[in-house]
Amino acid sequence: MISFGGAPFKQPVRQGAEDGGWVIEPEQTAYHQQLHIHETLKVNGSSAWLLRASDEIPLLDNAKDLFDSGDSWNLVPHVTKSADLPHQMGSAGPMDARIYPLLKAVSADGRERAAPVVLWEHVGGPYAGGRWMFVNEPLSERFAAGGGAGFLHEWAAFCAGGVTELWIKPNYASYASGEQPMLTFQSQRICSAEASSVGPAPVDWTFQIVIDREDRSGQSWQFKYMAEVTGELDISRIPITLELRPGFYKVICKAESSTGEVRFLRQGFWGMDESLLKEGSPIVCGKDYFWKDGEPLPVVGMTYMTSDVARKFLFLPNVDAWNRDMAHMRKAGINWIRTGIWTAYRNVMQVDGHASEEVLRAIDAFLQTARKHDLHVTFTFFSFTPETWEGGNPYLDPRSVNAQKRFIRSIVTRHSNTSGVDWDLINEPSMFDPARIFASGPRSGRDAVERAAFVEWLRKRHGRVELLQERWNMTPDELPDFAATELPEPEDINFDVQDMHQAKKGTRWLDYSLFSMEMLNRWAKELYATIKEACPTHAVTIGQDEALGAQRPSPFFYGEAVDYTTVHTWWLNDHLVWSGAFAKTADKPSLVQETGIMYVETPDGRAKRSEAELHHMLERKYAYSFATGGAGAIQWIWNTNFYMNNANESHIGALRADGTEKPEASVSYDFGRFMNDIRGLLKERVREQTAVVFPYSNDLSNRRLAFDATTTASRVLAYDLKLPFRAVSEYDVTPLAKEPAKLVIFPSPHNIDDDALNCLLDVVSETGAVLLLTGPAGLDAYWRKSGRLTELLGSRELANVRREERLELDGGFYPVSFGARRIAEASKEIGLSGSSSLVSVPIGRGKLLWSPLPVELNDRQSTVAALYRHAADLAGCVVELEWIRGGDLPGIYGRKLSFRDGALYVFISESGDDADIEIKDIVTGCGYAFRAESERAVLFAVDRSGKLLSVFRPEEVAVEWTRPS
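Residues numbered from 1 in each chain as written. Predicted model: local features only at pLDDT ≥ 70, side-chain atom pairs only at ≥ 80, totals over all residues. Heavy atoms only, no water.

Draft legend 1. Layout of the pattern of salt bridges. For the structure shown, the criterion picks out 82 salt bridges. When the shortest N-O distance is used, the salt bridge between E526 and K405 registers 3.3 Å. One end of the pair, E526, is in helix α11 (residues 508–534); the other, K405, is in helix α8 (residues 398–412), with 121 residues separating them in the sequence. R464 is paired through a salt bridge with E466; the nearest N and O atoms lie 3.8 Å apart. (Salt bridge = Lys/Arg side-chain N within 4 Å of Asp/Glu carboxyl O. Helix = DSSP H or I, 4+ residues; strand = E, 2+ residues; numbered from the N terminus.)

Draft legend 2. Fine view of the nonpolar core. Counting residues in each nonpolar core, the largest one holds 203 residues, and the members touching the most others are F381, F382, W523, F582, F671, Y868 and L939. Per-element tally for this core: the top contributor is α11, with 13 residues. Those residues in contact with F582, other than ones at most four positions away along the chain, are L548, P555, F556, V692, F694, T710, S714, F725 and A727. (Core = buried A, V, L, I, M, F, W, Y, C linked by side-chain atoms within 4.5 Å. Buried < 20%, exposed > 50% of the residue type's maximum accessible area, 1.4 Å probe, protein only. Contact = heavy atoms within 4.5 Å.)

Draft legend 3. View of the packing of aromatic side chains. Summed over all chains, the structure comprises 68 aromatic pairs. Ring geometry for F313 and F366: centres 5.5 Å apart, planes at 55°, overall tilted. Here F313, found in the loop between β21 (299–303) and α5 (319–331), pairs with F366, found in helix α7 (residues 357–372); they are 53 residues apart in sequence, far enough to count as distant. By the burial criterion, F313 is buried, and F366 matches it. Clustering of aromatic rings is evident, with ring pairs tying together Y395, F432, F454, W457, W472, F495, W509, Y512, F515 and W523. The residue whose ring lies beneath R796 is W850, and the NZ or CZ to ring-centre distance is 5.6 Å. (Phe/Tyr/Trp six-rings, centres within 6.5 Å; stacked < 30°, edge-to-face > 60°. Lys NZ or Arg CZ within 6 Å of the ring centre and 35° of its normal.)

Draft legend 4. Layout of the environment of T530. Structurally, T530 can be placed in helix α11. On the basis of relative accessible area, T530 is assigned to the buried category, the value being 9%. C-alpha separation for the pair T530 and L85, spaced 445 residues apart in sequence, amounts to 29 Å. Every residue in contact with T530, bar those within four places of it in the chain, is listed here: K405 and R409.

Draft legend 5. Molecular detail of the environment of R216. Here R216 shows up in the loop between β13 (203–213) and β14 (220–229). Sequence-wise, R216 and A448 are 232 residues apart; in three dimensions their C-alpha atoms are separated by 61 Å.

Draft legend 6. Local environment of the sheet that holds strand β16 (residues 247–257). In space, the 5 strands of this open sheet follow the order β11-β17-β16-β13-β14, with mixed pairing throughout. Among the strands making up the open sheet, the edge pair consists of β11 (174–175) and β14. Across 10 bridges, the pairing between β13 and β14 is antiparallel. Across the sheet, the residue bridging to V210 is Q222, located in β14. Packed onto the sheet, α5 meets β16 and β17 (262–271) and runs at close to 90° relative to β17. (Pairing = 2+ DSSP bridges. Axes fitted to C-alpha atoms, helices over the stretch in contact; angles between N-to-C directions.)

Draft legend 7. Structural context of the layout of surface pockets. Roughly 1,400 Å³ of internal volume is contained in the largest pocket. Residue lining of the largest pocket: 49 residues in total, with E56, S307, D308, A321 and R324 positioned closest to the centre. Elements with a contribution of two residues or more to the lining of the largest pocket: β5 (48–53), β7 (97–107), β8 (112–122), β10 (163–170), β17 and α5. Roughly 1,100 Å³ of internal volume is contained in the second largest pocket. Considering each element in turn, the lining of the second largest pocket owes the most residues, 6 residues, to helix α19 (residues 754–767). (1 Å grid on protein atoms, 1.4 Å probe; cavity = no way out; pocket = protein on both sides within 12 Å on 5 of 7 lines; lining within 4 Å. Points joined across faces, edges and corners; volume = space filled by probe spheres on them.)

Draft legend 8. Structural detail: empty space enclosed by the protein. Under the defined criterion, the tally for this structure stands at 12 cavities of 30 Å³ or more. In this model, the largest cavity occupies a volume close to 130 Å³. Together, 13 residues line the largest cavity, and K584, R685, E688, R726 and A727 are the ones closest to its centre. Examining the composition of the lining of the largest cavity, we find that 4 residues originate from one element, strand β30 (residues 725–729), more than from any other. Taken together, the residues of the lining of the largest cavity break down into 6 nonpolar, 2 polar and 5 charged. Along the wall of the second largest cavity there are 13 residues; nearest its centre are I597, M598, Y599, L614 and H651. When grouped by side-chain class, the residues that make up the lining of the second largest cavity number 8 nonpolar, 1 polar and 4 charged. (Nonpolar A, V, L, I, M, F, W, Y, C, P; charged D, E, K, R; others polar.)

Draft legend 9. Focus on the sheet that holds strand β45 (residues 948–951). Within the open sheet, the 4 strands sit side by side as β40-β41-β44-β45. Their pairing is antiparallel. In this open sheet, the two strands that pair with only one neighbour each are β40 (892–899) and β45. Shown here is a sheet whose adjacent strand axes are inclined to one another by a mean of 15°, direction ignored. Note: strand β41 (residues 902–909) against strand β44 (residues 937–943), 7 bridges, orientation antiparallel. Looking at the pairing, Y905 lines up with F940 of β44. Those strands touched by helix α15 (residues 665–678) are β41, β44 and β45, and its axis lies near 15° from that of β44.

Draft legend 10. Highlighting the side chain of R822. Topologically, R822 is positioned in helix α21 (residues 822–825). Polar contacts involving the side chain of R822 include one to the side chain of E825, which spans 3.0 Å. Leave out the neighbours within four places in its chain, and R822 touches L705, D708, V801 and L857. (Polar contact = N/O pair within 3.5 Å; in protein donor to acceptor, adjacent residues only side chain to side chain.)

Draft legend 11. Seen up close, unusual backbone geometry. In the segment running from M431 into F432, the intervening peptide bond is cis, with an omega of -10°. Relative to the helices and strands, F432 resides in the loop between β24 (421–427) and α9 (448–462). Omega for the peptide link from W636 to I637 comes to 15°, which places this bond in the cis form. Mapped onto the fold, I637 is located in the loop between β28 (632–635) and α15. Positive phi outside glycine occurs at Q551, with the angle close to 60°. Note on placement: Q551 falls in the loop between β25 (540–543) and α12 (555–558). Unlike most non-glycine residues, K722 shows phi in positive territory, near 50°. You can see K722 is positioned in the loop between α17 (706–720) and β30. Judged by relative accessible area, which is 9%, K722 ranks as buried.

Draft legend 12. α11, seen in detail. Helix length check: α11, at 27 residues, gives a terminal C-alpha distance of 40 Å against a target of 39 Å (1.5 Å per residue), a fit within 8%. Most of α11 sits out of view: 20 of its 27 residues are buried. (Expected span 1.5 Å × (residues − 1).)

Draft legend 13. Just the packing of α8 against α11, in detail. Between α8 and α11, the least distance of the axes is 10 Å, while the angle of their chain directions is 30°. On the basis of the axis angle, α8 is roughly parallel to α11. Between α8 and α11 lies a crossing whose hand is right-handed. Within the contact between the two elements, α8 uses V401, Q404, K405, I408, R409 and V412 and α11 uses W523, E526, L527, T530, I531, E533 and A534. (Parallel < 35°, antiparallel > 145°, perpendicular 65-115°, else oblique. Left-handed = near helix turned anticlockwise from the far one by under 90°.)

Draft legend 14. View of the pairing of β16. Pairing of β13 with β16, which is carried by 9 bridges, proceeds in the antiparallel orientation. The residue of β16 that forms the bridge with V210 is I252. In this structure, β16 lies alongside β17, joined through 10 bridges in antiparallel fashion. What sits directly across from Y249, in β17, is F269. Between β16 and the antiparallel strand that follows it, β17, lie 4 residues; G260 among them carries a positive phi value of about 100°.

Draft legend 15. Here's a closer look at the pairing of strand β12 (residues 182–190). Most of β12 is tucked away, with 9 of its 9 residues classed as buried. A two-sided burial pattern is seen for β12, the buried positions comprising M182, T184, Q186, Q188 and I190 on one face and L183, F185, S187 and R189 on the other. By the bridge criterion, 8 bridges tie β10 to β12 in an arrangement that is antiparallel. Within β12, the position partnered with P170 by the bridge is L183.

Draft legend 16. Local environment of helix α14 (residues 611–627). Taking 1.5 Å per residue as the helical rise, α14 with its 17 residues ought to reach 24 Å, and the 24 Å between its terminal C-alpha atoms agrees with that figure. For α14, the tally of buried residues reaches 15 of 17 residues, placing the bulk of the element in the interior. Positive phi shows up at G629, right after α14, with a value of about 85°.

Draft legend 17. Structural view of the side chain of K896. Topologically, K896 is positioned in strand β40. Given the relative accessible area of 9%, K896 is considered buried. Here the side chain of K896 touches D921 through a polar contact of 2.8 Å, side chain to side chain. Setting aside residues up to four positions removed in sequence, K896 forms contacts with E880, L881, A903, L904, Y905, D921 and V923.

Structure below.
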């Protein structure tokens, strides 16, 4: 099939019923989805400079002048309709199609921006044997004038010739000195299922193979042979007579058929280069940033699992593809890549303790290739839940954990001296049941090991079963001893105010949630120790998704078990300040380790966002990652992975399925250049004066209000008041003792752990901070009323909020509205007077401000802002930026991060309109004015005096600097 003219099969036509004329229907996806094209997106070709034919299939080498380098279309494939391992969420599927850009539009800076002509070859599935050539732009007069008709015949014959699958690969991706490499060459003509009984006609091919050492040292090897390629798979093994030395070897095979078809196959392998792996120094984790070779290393990263076979890259390695991709990424400003094993762990180690040498050598080769391009690598071992290897519980069964440790040791012990790698224990862990990952809260594996661990944990936490009976609201008959404890299931818990049909015992959910946090830490510490024994200088982390909003593992809990924390910012695009701040512990770097844009559709199945909108959103996500004190960001993913039965995956990636760069690839270029310019500035960051305590007792309980309370607090502080803040956990406020804050906000926690509150009050008393506590203060962690804080706040009664309340503040009254279900969910406390006025009482050197109303849960954000402004003024918080223009505009975020030798300013627009911004730095007296484009980010760095050092996107953004008057 050959398709011309733009997006194929996008606008159907039909004959009119009355006059018989043709009617053009609206754009649709239904027809091209039948051809495994999920969506077609317009590609802006304005930056294209020249057209370049493919160096893999040079079919259009003599025809590139027939086409215009204008707008074209991105064909989003969904070619995989099943999974290799259906029981594993991360499983890839069959690689039924190959996609080749036959013609690429290249910009003046050498970037491949679009593919006007694309070839799809189907090697499996319902269209097996089909060759489809898509010309994704209308043909112009130059096509006809340049002899296009003749080329059409040539291309039609090419497509009609069907698919010949050719594959060349070494038996290992890396060899030790003295070993003899072996090449395997596979060939087969692919036909459709209907034609399989007859089979395609044989075709003669000539193959010329050249192997060269990349450093041009004179080491070269050549081989030529001929073969008849038929409908049956043919496998040839070719020994390579080279005496290998350390270094990278390129394999190029020119394949030419008797019908005139020409293809170039590229491969590569390493002569193991231990000295290369040792080059440089390992990264060091500071308080805020990673350090490398004595300087901060702000991370501009990318997830990468190769352009050719996606998640199967360790089983079907192509080192030459890695080499080219990594060179491309390095050119794009990327300094860190994240990779690993997302699926098929049994293919790496089928038998406990016996890992595949092929896979291990592929990992060796991957790390050597990354080191060659000065790319740091995070290698991930597991995803979602770790492999069990015949054990029961993936986190708790000793048999499973011991096998996991052996699995990890088989990899890390080969790289004890490798400088450019750190290790990620697990991507986005869920506790405990592998069949129920990503649930809102832990899910039991229902096994004896977990139950025994839970019983022991409860005994240690509560001491006496009578105390547990009280906290869980159970009688001695219901819970006679700790051993009678059952693992709770969600249906056993009253998560909602309307869940009252049965007498459920819901307060035990807090204990089960805390238990799951500690069990992840226990598991992580065991594996951490295994890695550190072999690689003491390598960092270890856990890759955590947006689980903070879903009762799954949180950085403030697992931070004790790793060297740095992470967060993956995907769906919560309205809460990026919140995601960043509450992933950042006080003493370790926090990395937005995975970010991108999920695909969203219109009701009729079309893409809702354009490629330009995706770029802008990703730029904002990167900007927020640095604005909240984070160490940087890693995008998911470099190459679009369309070998999964998931149309969402087919839309995500910096590069399209045809290998050309989406606009969002520019985010890496822009941040890579800017952050490399200012990396030396990022030393001794000044801590924020305001801190927000995350109410974990509430968030992990059966009545969660913390997400709404903390997201409201984050937006009011960051956008309305332009008041940067840091975060601490309710269960660990010691960072506030080590680095005191002036204002501490505990937003509408409701149920609070007694010991945690006492610790917080002690810190306030000793440091002189102002603590703002809103809502009920007398409920313990298990939602029981107590006489807590009576000596400070007087006698109080718990009461339901009303639809409309008033907060008396500083002599005025502010409306507080609890709409919809909130009047049933939230509570307040009232004193004997019944007043809802703000209470202020001294605590040692500090002060407690208490609002009887949980204001963060109300509908009026302006009241929250008024309360926070009052508290900040009372605490003496200094706002470093005076907003002369633009500060009152909705959706405009801006802050200053101060360092020893200067500052970084970050401004982000979430507005639909451009805005003129002008600010004055109160500290230096310098002024800055610039235009903030809608949905874009503006960053710039200054020295200690306020003089401009560097501007993000300097070709597009002009910052006007004025000296102090």
